[in-house]
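The residues making up each chain are set out below.
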Amino acid sequence: MITGESLLASAGINIGVALILVTLFSIFKRHRSNADIYYARRISLQEEDNLYVNIPVLDRRQYYFRQFVPSLQWMRDALKVTDDDILQDCGLDPLVLIRLFKFGINLFVVCSVIGLCVLLPLNYCSNERSSDDPQSMDHFTISNISGGSNRLWVHYSCLCFITLYGVYLMHKEYKHITVKRVQQLRLLRHQPSQFTVLVRNIPFCDEHKAHGCCVDHFFSKYHPHTYRSCQILYEGKDLEDLLNQAKKLSDKIETLRLRALTKKHVSGSSLSQAFNDDTKIERLEEKLQELHHKIRQTRGKKMLEEKDMPVAFITFSSRRGATLVAQSQQHSNPLFWTTEMAPEPRDVLWRSLAIPYKRLPLYKITVLVAASLLTIFFAIPVTAVQGIAKFEKLKKWFPPAMAVQLIPGLRSTITGYLPSVILTGCIYVVPFAMIGMAKLAGYVSRSRKDIKACNMVFYFLVGNVFFLSLLSGSLLDQIGKSFSQPKDFPSHLASAVSAQADFFMTYILTSGLTGFSLEILQPGLLVLNCIKLHTWGRGKNKNPYLYSLPYYRIIPFICLFILIGMVYAVVAPLLLPFLIGYFALGYVVFIHQIQEVYKTTYETCGQYWPYIHHYIVIALVIMQITMIGLFGMKAKPSASFATIPLLIVTLLFNEYCKMRFLPTFDNYSVQDAAKNDELDEQNGLMESNYQKALDAYCPPCLRPASVNEESSLAEPLIL
């Protein structure tokens, strides 16, 4: 069991590490050589001249010393950013992430007031002592309440309040995000995706031996007033190989030209060397022209018809027409002519569209099995972590561990800090593994792939970090009693939640203080940038380290801590202040990262929120089920039965949200589509927006690789 001394050791180490990392960040971000890391998004938006406006530069010597002085100005700047600023600059998806942090702060501030002012004194002043150790954290938990005590009704009342307050906040946020989604779709009505439908499983035309002729015939017949054009997709592997070869040759020619130009300005260079360079360049240019000729031949109409796939992007003259087609069944056999609204052109995963539609269920089942195996495999390190945390039991099972006690303070560090660090390090690789699996599932867009990865990571964390930490910790703690008294095993298992409160406190400290500090420092990119500056990247033009916001790596962990906070809000209220610090620090850090570091690679207009809502509902349900078990363990069956209506209310609320809000995120309403069409017609933008949609979904293999190639193309790209 983690004692108060171990908790203080963990807090001290994490606070010290966080202060060091944040100090290093505030120093490194002022160095111009690190601007490609800490201002990647701003550089990409052509705002390099504003990078150092907050640094008072008087002379070189003063600037040299000033850049090594730590500053928290970035925190103050982050706190000044409003929701409207994020929505306008970055989109609704980053705003959803920030609203999730705000949700956690709003929820646990109120829960902390109730827990610290009502439940904590009530638990501590109970006559029963759950542990003889004066440093044990159990004195502040529900474990300290004697069985059958009427004080448990106070805990039940707090449970009711937290449930109702959580439901209120969830409804408020869902409604707010829904309104913002409708507004964002109206603001982004110029996007080609609102005029375009993705069609899959197109029947094969036996007469013309192709799929393309079927598309034009089908939509011209059944949607004659709104159908305008189609872009059939082709197997472009050969074209991609040719284009890659052409790009490599172009880069090589450019490098040789720069080298030759440099040699001309250097004294002592011979004419023979210059002649050899010119000869190499001419030879490479001839090869490049041959590649361009092969590319034009491969892009010929007859060649393309032999490689067409049963997938197409269909463009309509109005949003209303596209919406009606995307949300209706086109054929009596639902496996033919399957339609959906097209993702944004920048969001499309072109290679996934080459996967046959009928094979997609097999791909998804394979990914599900792989994720399940990964979850089972990670049970080993999680159980080992709990073995370290349960030091007293570990000494019995592994006597050499007693040597740790010979060094003063080492036991507190090992039991308080080391388990959470090991667990955090092991879990760090999971999101990257899950996003790799999601790539194999055949999703047509990056956003859907990221959402799928979010789901897999969240359920992994719930299964391994939450439930397995509880079970492994409880089993290690009670395994002897379970063998001697098997009938008491359910009660021992029910006490696992309160027994593991101290471990989750240290885990929150490590994930929050150290985790967010590492996130803002970006040590991996710092090391890579330093190596690059002194090796292969010396003297070359630097590109910013620009990455997409990793929702799959952030949202599941936030929801996990919401789950932990809800479960322990009544059981161990001392944990709640740690969560407030976690959400507050995460809020500041990710506002900064969204504004300065990460780019927006797609815009789903808030489609992450229904999944977040689902995760929070799971947290509420687990909290209520846990309390039903704890009230029963405390010989208060009436409180257990009284909790069941709360569970029913939560499930009914979830069903209400599915009917009231979820359809707005799954579909694009005909009313909103028609209103946006009317706005464009009034402003004279309908034709221009429609024209943009015509060419937006040209496959990468049909796009010009260079200016010379573009001028020589003879075949149309849209058939």
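Up top you'll find the structure we're talking about.
Heads up: these notes are all about the structure in this document.

The rules behind these values
Residues numbered from 1 in each chain as written. Predicted model: local features only at pLDDT ≥ 70, side-chain atom pairs only at ≥ 80, totals over all residues. Heavy atoms only, no water. Helix = DSSP H or I, 4+ residues; strand = E, 2+ residues; numbered from the N terminus. Buried < 20%, exposed > 50% of the residue type's maximum accessible area, 1.4 Å probe, protein only. Contact = heavy atoms within 4.5 Å. Areas by Shrake-Rupley, 256 points an atom, 1.4 Å probe, with all protein chains shown as cover. Pairing = 2+ DSSP bridges. Axes fitted to C-alpha atoms, helices over the stretch in contact; angles between N-to-C directions. Patch = residues over 30% accessible without salt bridge, like charges linked within 9 Å, V, L, I, M, F, W, Y side chains within 5 Å. Salt bridge = Lys/Arg side-chain N within 4 Å of Asp/Glu carboxyl O. Lys, Arg positive; Asp, Glu negative; His and termini not counted. Charge placed at Lys NZ, Arg CZ, Asp CG, Glu CD. Parallel < 35°, antiparallel > 145°, perpendicular 65-115°, else oblique. Left-handed = near helix turned anticlockwise from the far one by under 90°. Nonpolar A, V, L, I, M, F, W, Y, C, P; charged D, E, K, R; others polar. Phe/Tyr/Trp six-rings, centres within 6.5 Å; stacked < 30°, edge-to-face > 60°. Core = buried A, V, L, I, M, F, W, Y, C linked by side-chain atoms within 4.5 Å. Expected span 1.5 Å × (residues − 1). Arc of directions from axis to C-beta.

In terms of regular secondary structure, the chain is built from 32 helices and four strands. Across the 719 residues that make up the chain, the buried fraction comes to 51%. Taking contacts inside the chain between residues at least 6 apart in sequence as the whole, the part at least 24 apart equals 83%. When the accessible surface of the chain is summed, it comes to about 34,100 Å², and 61% of that surface belongs to carbon and sulfur atoms.

All right, on to the pairing of strand β2 (residues 227-234) then. Of all eight residues in β2, seven are buried, a share of seventy percent or more. With six bridges joining them, β2 and strand β3 (residues 308-316) adopt antiparallel strand pairing. Bridge pairing links Tyr-234 to Asp-308 in β3.

Turning our eyes to something else, we now look at the side chain of Thr-226. Within the secondary structure, Thr-226 sits in the loop between α9 (212-222) and β2. For Thr-226, a relative accessible area of 18% corresponds to the buried category. When neighbours within four sequence positions are excluded, Thr-226 is seen to be in contact with Thr-315, Phe-316, Ser-317, Ser-318 and Gly-321.

What follows covers the sheet that holds β3. The strands that make up a sheet pair up through hydrogen bonds in the backbone, lying either parallel or antiparallel. In space, the four strands of this open sheet follow the order β2-β3-β1-β4, with antiparallel pairing throughout. The open sheet is flanked by β2 and β4 (338-341), the only strands paired with a single partner. Strand-to-strand, the axes of this sheet are offset by a mean angle of 25°, without reference to chain direction. Pairing analysis gives four bridges linking strand β1 (residues 196-200) to β4, with the strands arranged antiparallel. Within the sheet, the bridge partner assigned to Val-197 lies in β4 and is Met-341. On the sheet, α9 packs against β1, β2 and β3 and is oriented at approximately 160° with respect to β2.

Positioned with a positive phi, Trp-337 is a non-glycine residue whose angle comes to about 55°. With respect to the secondary-structure elements, Trp-337 resides in the loop between α13 (319-326) and β4. Even without a glycine there, the phi angle at Gln-522 is positive, about 55°. Within the secondary structure layout, Gln-522 lies in the loop between α23 (501-521) and α24 (523-534). Exposure remark for Gln-522: the relative accessible area of 14% places this residue in the buried category.

A contiguous patch of negative charge on the surface is contributed by Asp-278, Glu-282, Glu-286 and Glu-290. Secondary-structure assignment places Glu-282 in helix α11 (residues 271-298).

With their axes 9 Å apart at the nearest point, helix α25 (residues 551-571) and helix α27 (residues 609-633) run at an angle of 25° to one another. The orientation of α25 relative to α27 falls into the category roughly parallel. In the packing of α25 onto α27, the handedness of the crossing is right-handed. From α25, Ile-555, Cys-559, Ile-562, Leu-563, Met-566, Val-567, Val-570 and Val-571 reach across to α27, where they touch Ile-612, Tyr-615, Ile-616, Ala-619, Leu-620, Ile-622, Met-623, Thr-626, Met-627 and Leu-630. The class makeup of the residues in the contact of α25 with α27 is 17 nonpolar, one polar and no charged.

A few words on the packing of aromatic side chains. The tally for this structure, following the rule as stated, stands at 41 aromatic pairs. Consider the rings of Phe-218 and Tyr-222, whose centres lie 4.9 Å apart with planes at 50°: the pair is tilted. Placement of both Phe-218 and Tyr-222 in helix α9 is noted, with a separation of four residues, approximately one turn of the helix. Pairing Phe-516 with Tyr-582 gives two aromatic rings, centres 4.9 Å apart and planes at 40°, and the pair type is tilted. Of this pair, Phe-516 sits in helix α23 while Tyr-582 sits in helix α26 (residues 576-596), and the two are 66 residues apart along the sequence. Judged by its relative accessible area of 7%, Phe-516 is buried. Tyr-582 gets classed as buried once you look at its relative accessible area, which sits at 5%.

Let us now look at the nonpolar core. Core analysis: the biggest nonpolar cluster contains 147 residues, and Ile-555 and Tyr-568 have the highest contact counts within it. Counting residues per element, this core draws most heavily on α25, which supplies 18 residues. Setting aside residues up to four positions removed in sequence, Ile-555 forms contacts with Leu-97, Leu-100, Cys-454, Tyr-608, Ile-612 and Tyr-615. Ranked by size, the runner-up nonpolar core spans 35 residues in total, among them Ile-202, Leu-239, Leu-291 and Ala-312.

So, on to the pattern of salt bridges. In total, this model carries 12 salt bridges according to the counting rule given. Ionic pairing is found between Arg-42 and Glu-596, a salt bridge with its closest N-O pair at 2.5 Å. Remark: Glu-596 occurs in helix α26 and Arg-42 occurs in helix α3 (residues 40-44); sequence separation between them is 554 residues. Using a relative accessible area of 17% as the deciding quantity, one classes Arg-42 as buried. Residue Glu-596 is classed as buried on the basis of its relative accessible area of 11%.

Here we take up helix α30 (residues 670-683). For α30, with 14 residues, the first-to-last C-alpha span of 20 Å sits near the 20 Å given by 1.5 Å per residue. Of the positions making up α30, those classed as buried are Asp-672, Ala-673, Asn-676, Asp-677 and Asp-680. Along the axis of α30, the buried positions cluster into a sector of 140°, meaning they face one direction only. Looking at α30, the residues exposed on the side facing more than 90 degrees away from the buried face are Gln-671, Glu-681 and Gln-682. Looking at the buried positions of α30, the neighbouring elements they touch are α8 (152-187), α13 and α31 (686-696). Backbone geometry just downstream of α30 places Gly-684 in the positive-phi region, at approximately 70°.

Spatial relationships are all this shows, so hold off on functional conclusions.
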